[in-house]
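# Summary of the model geometry
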Amino acid sequence: LGAFPHPKWGKNDWILFTIANGDYREIYRIKSNGDSLTQLTSGHPDLFPEWDNKLNRIIFNRQVYLGSPSSKIMIADFN
């Protein structure tokens, strides 16, 4: 497992980041104090998480497969 650079801090005191797990890239969140680590996605190459601080949502890129030029922009509720 390896973490990708550029964690994203939200105004809600949470941090988003991506971890490499084989061919998958999984998005996690953690409180800024290091508490409450939660895996948000699994089984997909998910990259570049960003906060929509206004609506408390998460926006990220989901590739069809790792290295694919085809991808989707996903919008998810904070939970």
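Below is a short write-up of the structure. (Residues numbered from 1 in each chain as written. Predicted model: local features only at pLDDT ≥ 70, side-chain atom pairs only at ≥ 80, totals over all residues. Heavy atoms only, no water.)

## A closer look at the overall build of the protein chain
Each helix and strand counted, the protein chain has 0 helices and 8 strands in total. Listed N to C, the secondary structure of the protein chain is β-β-β-β-β-β-β-β in terms of helices and strands. Principal-axis analysis of the C-alpha atoms gives the protein chain an extent of 35 × 25 × 20 Å. Taking all 79 residues of the protein chain together, 35% fall into the buried category. (Helix = DSSP H or I, 4+ residues; strand = E, 2+ residues; numbered from the N terminus. Buried < 20%, exposed > 50% of the residue type's maximum accessible area, 1.4 Å probe, protein only.)

## A word on the pattern of salt bridges
One pass over the structure, following the stated rule, counts 3 salt bridges. Two residues, Glu50 and Lys8, come together in a salt bridge whose shortest N-O distance is 3.3 Å. Note that Glu50 is positioned in strand β6 (residues 46-52) and Lys8 in strand β2 (residues 8-9), a separation of 42 residues in sequence. Judged by its relative accessible area of 37%, Glu50 is partly exposed. Looking at Lys8, the relative accessible area reads 26%, which means it is partly exposed. (Salt bridge = Lys/Arg side-chain N within 4 Å of Asp/Glu carboxyl O.)

## A closer look at the sheet that holds strand β7 (residues 57-63)
Taken together, the 3 strands give an open sheet; going across it, the order is β6-β7-β8, and neighbouring strands pair in antiparallel fashion. The open sheet is flanked by β6 and β8 (71-77), the only strands paired with a single partner. Across this sheet, the average inter-strand angle for adjacent strands is 20°, counted without regard to direction. The sheet contact formed by β7 and β8 spans 7 bridges and is antiparallel. Residue pairing across strands places Ile59 opposite Ile75, the latter belonging to β8. (Pairing = 2+ DSSP bridges. Axes fitted to C-alpha atoms, helices over the stretch in contact; angles between N-to-C directions.)

The values reported here are purely geometric and, on their own, carry no functional implication.
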